[in-house]
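Notes for the structure review
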Amino acid sequence: MGEAMAWRSQPEYSSWIDEAMATYRQHPRETAQEARDFLPGATEQGFDLERARLHLLIARCTDCFNDPVLGLEHANQAFAILDGNDSEEAKPVLAHAFMQQALGHTHMGNSRLAIDLLLKGLKVAEEANHGRQQQKILINLAYVCDKGGQRDKAIDYCHKVFDVLAPRYKERPGGFTRILKLGARRGDAAEAALVKLV
């Protein structure tokens, strides 16, 4: 499949990625494999932004089948491609790369590093004036801070989401979140879940 896709032009790559980003939850493993098949062609033709987005798509898919190590690997590859790229098109993708890195470290229990990565991602998203990306990162910051015992910071980030960013989305009818079950929490065995903006 990879050889057949190698000839595709940049707009066709972008179009496929946009569609896959909207539907990957339905068949995450199949979408991840198809994205892997696209990677050789994108690499060969030098489509760096599309290559980074493919890595991030795979990282998103791994959230659905709970493989944080693989997700972090692809998030790191996306970051390596985009690091130092200040173009307006790359900034939202770079912000998302920071977020995916942070989520991988969160799943593996490294809350302090996850917070640092999310703050870097938030700075990039603010520079790009990308409101939805900011909202996603702030929600994740609140989650990671709360999980790491920094309740005051978690409350501050929640306030910013509801008081500053929420008015921007007041016309949207719904479908804001998805819930990933994380299984039993270490210590008290309570059921844990990760709530994400979609």
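Notes on the structure in this doc start here.

What counts as what
- Residues numbered from 1 in each chain as written.
- Predicted model: local features only at pLDDT ≥ 70, side-chain atom pairs only at ≥ 80, totals over all residues.
- Heavy atoms only, no water.
- Helix = DSSP H or I, 4+ residues; strand = E, 2+ residues; numbered from the N terminus.
- Buried < 20%, exposed > 50% of the residue type's maximum accessible area, 1.4 Å probe, protein only.
- Contact = heavy atoms within 4.5 Å.
- Areas by Shrake-Rupley, 256 points an atom, 1.4 Å probe, with all protein chains shown as cover.
- Axes fitted to C-alpha atoms, helices over the stretch in contact; angles between N-to-C directions.
- Parallel < 35°, antiparallel > 145°, perpendicular 65-115°, else oblique.
- Left-handed = near helix turned anticlockwise from the far one by under 90°.
- Nonpolar A, V, L, I, M, F, W, Y, C, P; charged D, E, K, R; others polar.
- Core = buried A, V, L, I, M, F, W, Y, C linked by side-chain atoms within 4.5 Å.
- Salt bridge = Lys/Arg side-chain N within 4 Å of Asp/Glu carboxyl O.

1. Observations regarding the overall build of the chain
Secondary structure assignment for the chain yields 9 helices and 2 strands. The N-to-C order of helical and strand elements in the chain reads α-α-α-α-α-α-α-α-α-β-β. Burial status across the chain gives 47% buried among its 198 residues. Pairs at least 24 apart in sequence give 58% of the contacts found in the chain among residues at least 6 apart. When the accessible surface of the chain is summed, it comes to about 10600 Å², and 50% of that surface belongs to carbon and sulfur atoms.

2. A short note on the packing of helix α5 (residues 68-82) against helix α6 (residues 90-107)
Between α5 and α6, the least distance of the axes is 8 Å, while the angle of their chain directions is 150°. On the basis of their axis angle, the class for α5 and α6 is roughly antiparallel. In the crossing of α5 with α6, the sense of the turn from one axis to the other is left-handed. Of the residues in α6, those in contact with Pro 68, Leu 72, Ala 75, Asn 76, Ala 78, Phe 79 and Leu 82 of α5 are Ala 90, Val 93, Leu 94, Ala 97, Phe 98, Gln 100, Gln 101, Gly 104, His 105 and His 107. Of the residues contributing to the contact of α5 with α6, the split by class is 11 nonpolar, 6 polar and no charged.

3. Comments concerning the nonpolar core
Nonpolar side chains tend to gather and get buried jointly when the protein is soluble and globular. Ala 52, Leu 82, Leu 118, Ile 137, Leu 141 and Val 144 are the most contacted members of the largest nonpolar core, which totals 28 residues. With 9 residues, the top contributor of residues to this core is α6. Residue contacts for Leu 118: discarding those within four places in its chain leaves Met 99, Ala 102, Ile 137, Asn 140, Leu 141 and Val 144. The next biggest cluster of nonpolar side chains, apart from the first, holds 17 residues, and it includes Tyr 13, Ala 20, Ala 42 and Phe 65.

4. Some words on the pattern of salt bridges
Pairs can form between side chains of opposite charge whenever their charged atoms are close. Under the definition given, this model contains 3 salt bridges. Across the salt bridge formed by Arg 53 and Asp 18, the nearest N and O atoms sit 2.6 Å from each other. With Arg 53 in helix α4 (residues 48-64) and Asp 18 in helix α2 (residues 10-23), this pair connects stretches of sequence that are 35 residues apart. The residue Glu 88 makes a salt bridge to Lys 91 at a minimum N-O spacing of 3.4 Å. Here Lys 91 falls in the buried class, since its relative accessible area comes to 13%.

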